[in-house]
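Take a look at the letters that make up each chain.
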Amino acid sequence: MIKVGLVSLGCAKNLIDSEIMIGHLQEAGMVMIPEAELADVLIINTCSFIDMAKKESIGAIHDAVDGREETKVRQKIIVAGCLSQRFSKELPELMPEVDAFIGLDQITSVAPIIQQLVDKDRIDGDSPDNLVTRRPNYIPDYTTPRFRLTPQHYAYVKIAEGCNHPCSFCIIPQIRGRHRSRSQESIVREAEQLVASGVKELNLISQDTTYFGMDRWEDGRPNPRSPVDSTRGESLATLIRTLNEIEGDFWIRLLYTHPAHWSDELIQTIAECKKVARYVDMPLQHISDHMLKQMRRETDGEYIRDLIRRMRAGIPDIAIRTTFIVGFPGETEEDFEELLEFIEEAKFERAGIFEYSQEDGTRAAKMDEQINEGTRQRRWNDAMATIQSRLEKHNETLIGKQLRVLVEEPGVARSEMDAPDIDTTVYVDKSLPVGQFTDVTIADWRGYDLVAG
């Protein structure tokens, strides 16, 4: 019986890929073990979004190779995911110790690949150590074998794969290919299975969840102000309304939305669907027109400000999470000051800051006026201080209010305005049942976190 270990790095989209690989391995009769050093085969599912993620992935590979050499075990090492996909030509030469590199299209073929490695000590084919296809096309279905790595009470649901956006700082479209939506029926069938199994929170994810279904529209891209987008085909609004009809008590959470594809209909849909958490993740990246143009974000500052006003007016008690990039090439002090003022003005309930990462293969990497590290770090510190001050003011307004929370573990919960792993913790009574909803009253706050009375 083949024993397989897995190291999963990166975002929730990568986590689903890992879950799918495990599902196929178990279906093939292979055994997953937590002790990487005892595995016959070790899979490292890598991330390659920014420089920090690349370093973490490369470090994990080197650790695996070094561990094999130290213990003298005949372990096979497979490198999967975004690093393999992005550097498919370079890695086999740079890392000859790795037995196989697989990309995003090979996650459902991982079991026969492993079987060949174990049986023959190699993989059949013209390039046996590199199976990565140039442009990935795979998207999962509700019938896809999958073993969830999240707690029983919440799950990620990948509604699409790839991205069509031209953002000048981002390498993801080159790694994961063009946007391709799953069918609404497939997603709903998966959601029904998850809710029936006891899941209390469905986190909808893709590179851009707001573009769901639009790649199939015959008449091109939507008008953001149109109140009848769904008459043109499946959309995030039609999907949400259908998911909202599933029997059960659960949250539907929207992650990774893009401001360019919000519509008045989507705002109205969220307001009318009670199972949709009053939370939206919408990375804005900047507010300065100069920066938004440089970043190729397809929106301008006036559009963003108006969208936030419409969202807050249309969805009572909405919590908006966003992220920004500071130190982007050409960012002036005036651009940065406008960003700080906007953070104060928009009163985001949740926010994060990325320091610009110069990624080979992107348009931004070739731009003039690259910002030096010292300036990038200073702006990151200043922006984080502004965000922290804003969030502390928001937490102060929550004292005495009742919130519905989902208990994560004894003494720890999340509210509607908190996504898994990235947002605020609500400290609750340790006797409350894990994986269940409960109402608590906020008595205090500590930094970003809340304390229930």
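Scope of this entry: the structure provided in the associated data block. The structure displayed is predicted, hence computed values, not measured ones. (Residues numbered from 1 in each chain as written. Predicted model: local features only at pLDDT ≥ 70, side-chain atom pairs only at ≥ 80, totals over all residues. Heavy atoms only, no water.)

1. Details of the overall build of the protein
Operational definition: Elements are defined by DSSP. Helices are runs of H or I of four residues or more, strands are runs of E of two residues or more, and each kind is numbered from the N terminus. Each radius of gyration reported is based on C-alpha atoms, and the globular scaling rule is 2.2 Å times the count of residues to the power 0.38. Three exposure classes are used, based on accessible area relative to the maximum for each residue type with a 1.4 Å probe and protein chains only: buried under 20%, partly exposed in between, and exposed over 50%. Here, two residues are considered to be in contact whenever any of their heavy atoms come within 4.5 Å of each other.
Within the protein one finds 13 helices and 18 strands. Expected size for 453 residues packed as a compact globule is a radius of gyration near 22 Å; at 23 Å, the protein falls within 12% of this value. Each of the three principal axes of the protein carries a C-alpha extent, and together these read 65 × 55 × 50 Å. Counting only residues that meet the buried cut, the protein has 58% of its 453 residues in that class. Across the protein, contacts joining residues at least 24 apart in sequence account for 76% of those joining residues at least 6 apart.

2. Describing a negative patch on the surface
What counts is decided by this rule: Within the patch definition used here, like charges are joined within 9 Å and nonpolar side chains (Val, Leu, Ile, Met, Phe, Trp, Tyr) within 5 Å, considering only residues with over 30% relative accessible area and no salt bridge. Residue burial considers only the protein chains on display, and all accessible areas are found by Shrake-Rupley using a 1.4 Å probe. What makes a salt bridge here is a side-chain nitrogen of Lys or Arg within 4 Å of a carboxyl oxygen of Asp or Glu, nothing more. Positive charges come from Lys and Arg alone, negative charges from Asp and Glu alone, with His and the N- and C-terminal ends not counted. Taken as the charge location is NZ of Lys, CZ of Arg, CG of Asp or CD of Glu.
Taken together, the side chains of Asp63, Asp66, Glu69, Glu70 and Glu97 define an acidic patch exposed on the protein surface. Tracing the chain through its elements places Glu97 in the loop between α4 (91–94) and β5 (100–101). The class for Glu97 is partly exposed, based on a relative accessible area of 35%.

3. Examining the sheet that holds strand β16 (residues 426–427)
Convention followed: We call two strands paired when DSSP finds no fewer than two bridges between them. Note on definitions: angles span 0 to 180 degrees between N-to-C directions of axes, and those axes are lines fitted to C-alpha atoms, for helices only across the stretch in contact.
Spatial strand order, β14-β15-β16-β18-β17: 5 strands in a closed barrel with mixed pairing. The sheet contacts of helix α13 (residues 373–398) involve β17 (437–446) and β18 (449–452), and relative to β17 the element is tilted by about 125°.

4. Brief notes about the packing of aromatic side chains
The following threshold applies: Think of it this way: a Phe, Tyr or Trp ring, Trp meaning its six-membered ring, pairs with another when their centres are within 6.5 Å, and the plane angle makes it stacked under 30 degrees, edge-to-face over 60, tilted otherwise. Our definition puts a charge over a ring when NZ of Lys or CZ of Arg is within 6 Å of the ring centre and also within 35 degrees of the ring normal.
All told, the structure shown has 7 aromatic pairs when counted by the stated rule. Look at Phe324 and Phe348: their rings are 5.9 Å apart centre to centre, the planes differ by 65°, and that puts the pair in the edge-to-face class. Of this pair, Phe324 sits in strand β12 (residues 319–326) while Phe348 sits in the loop between α12 (333–346) and β13 (350–355), placing them 24 residues apart in sequence. Phe348 shares its class with Phe324; the two are buried. Taken together, the aromatic side chains of Phe169, Phe328 and Tyr356 make up a single cluster linked through ring pairs. Above the ring of Tyr427, the side-chain terminus of Arg446 is found at 6.0 Å from the ring centroid.

5. Things to note about the environment of Gly103
Relative to the helices and strands, Gly103 is located in the loop between β5 and α5 (110–120). In this structure the C-alpha to C-alpha distance between Gly103 and Leu131, which are 28 residues apart in sequence, comes to 7.0 Å. Setting aside residues no more than four positions away along its own chain, Gly103 makes contact with Gln85 and Val132.

6. So, helix α8 (residues 236–244)
The buried count for α8 comes to 7 of 9 residues, which makes it a mostly enclosed element. Residues of α8 that are buried include every one of Leu236, Ala237, Thr238, Leu239, Ile240, Leu243 and Asn244, and no others. Buried-residue contacts for α8 involve α7 (184–196), β9 (201–205), β10 (251–254), α9 (264–272) and β11 (276–281).

7. Considering the sheet that holds β13
Spatially, 6 strands are ordered β6-β9-β10-β11-β12-β13 in an open sheet, and the strand pairing comes out parallel. Each edge of the open sheet carries a strand with a single partner, namely β6 (154–158) and β13. When strand polarity is set aside, the average angle formed by the axes of neighbouring strands in this sheet is 20°.

8. Observations regarding unusual backbone geometry
A positive phi angle is found at Gln285, which is not glycine, with a value near 75°. Relative to the elements of secondary structure, Gln285 occurs in the loop between β11 and α10 (289–295). Within the chain, Asp317 stands out as a residue other than glycine whose phi angle is a positive 65°. Among the secondary structure elements, Asp317 is positioned in the loop between α11 (301–314) and β12. Judged by relative accessible area, Asp317 falls into the exposed class, the value being 73%.

9. What to know about α13
Every α-helical turn comprises 3.6 residues, leaving residues that sit three or four positions apart pointing alike. Selection rule: In a helix, the anticipated span is given by 1.5 Å times the number of residues less one. What qualifies as a polar contact is a pair of N or O atoms within 3.5 Å, subject to a donor-acceptor requirement within protein and to the restriction that residues adjacent in sequence count only when both atoms come from side chains.
Compared with an ideal rise of 1.5 Å per residue, which puts 26 residues at 38 Å, α13 spans 37 Å between its outermost C-alpha atoms and is within 8% of the ideal. Of all the residues in α13, the buried ones are Thr375, Arg376, Arg379, Ala383, Thr386, Ile387, Arg390, Leu391, His394, Asn395 and Leu398. The inward-facing, buried residues of α13 abut β12, α12, β13, β17 and β18. Taking the backbone nitrogen of Gly374 as reference, a side-chain oxygen 3.1 Å away marks Asn372 as the first, capping residue of α13. One or two steps after α13, the chain reaches Gly400, where phi turns positive at roughly 90°.

10. Some remarks on the packing of helix α1 (residues 12–27) against α5
We apply this condition: Here the angle decides the label: under 35 degrees means roughly parallel, over 145 means roughly antiparallel, 65 to 115 means roughly perpendicular, and every other value means oblique.
The interhelical angle for the contact between α1 and α5, taken along N-to-C directions, is 60°, at an axis separation of 8 Å. Between α1 and α5, the crossing angle belongs to the class labelled oblique. Touching Met21, His24 and Leu25 of α1 are Val110, Ala111 and Ile114, all from α5.

11. Comments concerning the pairing of strand β14 (residues 402–409)
One ladder, built from 5 bridges, connects β14 with β17; its direction is antiparallel. Within the sheet, the bridge partner assigned to Leu403 lies in β17 and is Val440. Sheet analysis places β14 next to strand β15 (residues 412–415), joined by 4 bridges and oriented antiparallel. Within β15, the position partnered with Glu409 by the bridge is Val412. Between β14 and the antiparallel strand that follows it, β15, lie 2 residues; Gly411 among them carries a positive phi value of about 85°.

12. Observations concerning the pattern of salt bridges
If charged atoms from side chains of opposite charge come close, those side chains can pair. Tallied over the entire structure, the rule returns 32 salt bridges. Note that Arg176 is salt-bridged to Asp17, the shortest N-O span being 3.1 Å. In this pair, Arg176 is assigned in helix α6 (residues 172–176) and Asp17 in helix α1, connecting sequence segments 159 residues apart. Note on Arg176: relative accessible area 2%, which makes it buried. When its relative accessible area of 4% is taken as the criterion, Asp17 is described as buried. Residues Glu161 and Lys158 are paired through a salt bridge, measuring 3.1 Å at the closest nitrogen-oxygen approach. There is no split in this pair, since Glu161 and Lys158 are both buried. Look at the salt bridges and you will find they share partners, linking Asp51, Lys54, Lys55, Arg86 and Glu359 into a network.

So, to be careful, I would describe these as geometric facts and stop short of saying anything about function.
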